[in-house]
Amino acid sequence: QQQVKQSPQSLIVQKGGISIINCAYENTAFDYFPWYQQFPGKGPALLIAIRPDVSEKKEGRFTISFNKSAKQFSLHIMDSQPGDSATYFCAASKVGNEKLTFGTGTRLTIIP
Amino acid sequence: DTAVSQTPKYLVTQMGNDKSIKCEQNLGHDTMYWYKQDSKKFLKIMFSYNNKELIINETVPNRFSPKSPDKAHLNLHINSLELGDSAVYFCASSQEIGGGRTDTQYFGPGTRLTVL
């Protein structure tokens, strides 16, 4: 049972472009939605996170857009750089439960 | 100054063997986790410990047994290793921030287990 669905599986974006990764969830009890970035051979690291009381959160070039009614959230990377090439995971969890349910990951490649 | 460390980084072993992976965090967190990442990069939680007490135990075979000697350490022992156990295992930790919530989960570098 895949509670958090992520797309696309892989994405190639030109340097300077906008990278967009989408996630959809099923469990309406989820109330915390982080995005993790993972480089090859490394563990995932928190990039940015949002709670459902806001529809958007921006940190530098990274923005999360959240649509509670559609149960969807997305990561936008503006001015994408080769150093952004990594695998990105969306995740979700609910209050009182530390368990993070991860999406299936998106392999992002930024080409010059 | 590694926040979450794991040993070993690579582990190659034969089917049927018993092995352990060690995890230590120096962040002062009181919650620790084990995740499994399969060959398709899918990340799934296995266990969660809070102050040495088991909180989450997903549908993991009994061959997997976590042990927490203190709140800074969470080791994973695997008995009778099978081919399907081959994966990357990540340890993580987080801090309770009240209201039933925990803060950011910090992941270790991973242990790549290969069962031959």
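Located above this text is the structure these notes cover.
**Q** Can you break down the packing of aromatic side chains residue by residue, with the values?
**A** Applying the stated criterion across every chain yields a total of 17 aromatic pairs over all chains. Between Phe64(B) and Tyr89(B) the ring centres are 6.3 Å apart and the planes differ by 35 degrees, which places this aromatic pair in the tilted class. Taken together, the residues span a long stretch of sequence, with Phe64(B) in strand S7 (residues 64-70) and Tyr89(B) in strand S9 (residues 87-94) at a distance of 25 residues. The burial state of Phe64(B) is the same as that of Tyr89(B); both residues are buried. Here a set of aromatic residues connected by ring pairs shows up, and it is made of Tyr36(A), Phe89(A), Phe102(A), Tyr33(B), Tyr35(B), Phe90(B) and Phe107(B).

**Q** Help me get a handle on the interface of chain A and chain B, residues and values and all.
**A** In this assembly, 24 residues from chain A lie in contact with 25 residues from chain B. At the boundary of chain A with chain B, total buried surface from both sides reaches about 1800 Å², with 54% on carbon and sulfur atoms. Considering only the side of chain A, the residues that lose the most area to chain B are Glu98(A), Lys99(A) and Phe102(A), jointly responsible for 33% of the buried surface there. Connecting chain A to chain B are 1 salt bridge. Here Lys99(A) ties to Glu58(B) by a salt bridge, and the two come within 3.2 Å at their closest N and O atoms. Viewed at the interface, chain B and chain A are joined by 4 residue pairs in polar contact (both at pLDDT 80 or more). Broken down by secondary-structure element, the contributors of at least two residues to the side of chain A that touches chain B are strand S4 (30-38), strand S9 (86-94) and strand S10 (97-102) of chain A. Ranked by residues supplied to the side of chain A that touches chain B, first place goes to S10(A) with 5 residues.

**Q** Account for the state of the cysteines, with residues named and values stated.
**A** What the rule picks out here adds up to 2 disulfides over all chains. The disulfide bridge from Cys23(A) ends at Cys90(A), spanning 1.9 Å between sulfur atoms. A torsion of -90 degrees about the S-S bond marks the disulfide between Cys23(A) and Cys90(A) as left-handed. Here the residue Cys23(A) occupies a position in strand S3 (residues 19-25), and Cys90(A) occupies one in strand S9, the gap between them amounting to 67 residues. Note on Cys23(A): relative accessible area 2%, which makes it buried. Two residues, Cys23(B) and Cys91(B), share a disulfide whose sulfurs are 1.9 Å apart. When the S-S torsion is -75 degrees, as for the bridge of Cys23(B) with Cys91(B), the disulfide is left-handed. Taken as a pair, Cys23(B) in strand S3 (residues 19-25) and Cys91(B) in strand S9 lie far apart in primary sequence, 68 residues in all. In this structure, Cys23(B) and Cys91(B) share a single accessibility class: buried.

About the thresholds
- Residues numbered from 1 in each chain as written.
- Chains lettered and ligands numbered in written order.
- Predicted model: local features only at pLDDT ≥ 70, side-chain atom pairs only at ≥ 80, totals over all residues.
- Heavy atoms only, no water.
- Phe/Tyr/Trp six-rings, centres within 6.5 Å; stacked < 30°, edge-to-face > 60°.
- Helix = DSSP H or I, 4+ residues; strand = E, 2+ residues; numbered from the N terminus.
- Buried < 20%, exposed > 50% of the residue type's maximum accessible area, 1.4 Å probe, protein only.
- Contact = heavy atoms within 4.5 Å.
- Buried area = accessible area lost by both parts, 1.4 Å probe.
- Salt bridge = Lys/Arg side-chain N within 4 Å of Asp/Glu carboxyl O.
- Polar contact = N/O pair within 3.5 Å; in protein donor to acceptor, adjacent residues only side chain to side chain.
- Disulfide = S-S within 2.5 Å.

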